[in-house]
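Topology and contacts: notes
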Amino acid sequence: IGFLELSRVISTRWAKLVETDPDIKQFVSKLAKQELEVYQREVEEYKELTKDMVPSADPAKTTAKKSKKRKQSEQSQQQEVAPAASMMMMMPQHQMT
C-alpha cells in the first residue's frame, strides 16, 4: 500500500469514527488538543530563550540542494584525495619540502 492510499484509508476511517465509536474519537481529539497546547507553550519558551541569540550561518539552509550527480562526483573526488593525503602523512618531513 502506498502513502497516498494509506492516507486515504486513515482519513476515511477517522471521518467514520464519530459514527462507529464517538468515545474513542473524543478521547483522541482531547489528547491531540492537549499535545498541541504543550507544543505551543514549548515553542513560545524556545522563542523567548533564543530571541537574543545571533543566528549562525546554517550550511543546510544557505547552500543549494546538490544534485545526485554532483554528490557522486564530490564523493569520488574525496576518495581520490584520501589516499594521497595518507601517503603524505607517511613521508618523512624532509621529503615533503
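Scope of this entry: the structure provided in the associated data block. (Residues numbered from 1 in each chain as written. Predicted model: local features only at pLDDT ≥ 70, side-chain atom pairs only at ≥ 80, totals over all residues. Heavy atoms only, no water.)

**A short note on the overall build of the chain**
Along the chain, the regular secondary structure elements total 5 helices and 0 strands. Mapped in sequence order, the helices and strands of the chain form the string α-α-α-α-α. By the burial criterion, 2% of the 97 residues in the chain qualify as buried. (Helix = DSSP H or I, 4+ residues; strand = E, 2+ residues; numbered from the N terminus. Buried < 20%, exposed > 50% of the residue type's maximum accessible area, 1.4 Å probe, protein only.)

**What to know about the environment of Ala15**
Relative to the elements of secondary structure, Ala15 occurs in helix α1 (residues 3–20). Of the residues examined, Ala15 reaches a relative accessible area of 49% and is grouped as partly exposed. For Ala15 and Lys25, which are 10 residues apart along the polypeptide, the C-alpha to C-alpha distance reads 9.4 Å.

**Quick look at a nonpolar patch on the surface**
On the surface, a nonpolar cluster with roughly 430 Å² of combined accessible area is contributed by Trp14, Ile24, Phe27, Val28 and Leu31. With 4 residues, the top contributor of residues to the nonpolar patch is helix α2 (residues 22–50). Following the sequence through the fold, Leu31 ends up in helix α2. Take Leu31: its relative accessible area is 37%, and that puts it in the partly exposed class. (Patch = residues over 30% accessible without salt bridge, like charges linked within 9 Å, V, L, I, M, F, W, Y side chains within 5 Å. Areas by Shrake-Rupley, 256 points an atom, 1.4 Å probe, with all protein chains shown as cover. Salt bridge = Lys/Arg side-chain N within 4 Å of Asp/Glu carboxyl O.)

**Here's the deal with the pattern of salt bridges**
Within the structure shown, the criterion is met by 1 salt bridge. Residue Glu48 is joined to Lys51 by a salt bridge in which the shortest nitrogen-to-oxygen separation is 2.8 Å. Residue Glu48 is classed as partly exposed on the basis of its relative accessible area, which comes to 49%. For Lys51, a relative accessible area of 52% translates into the label exposed.

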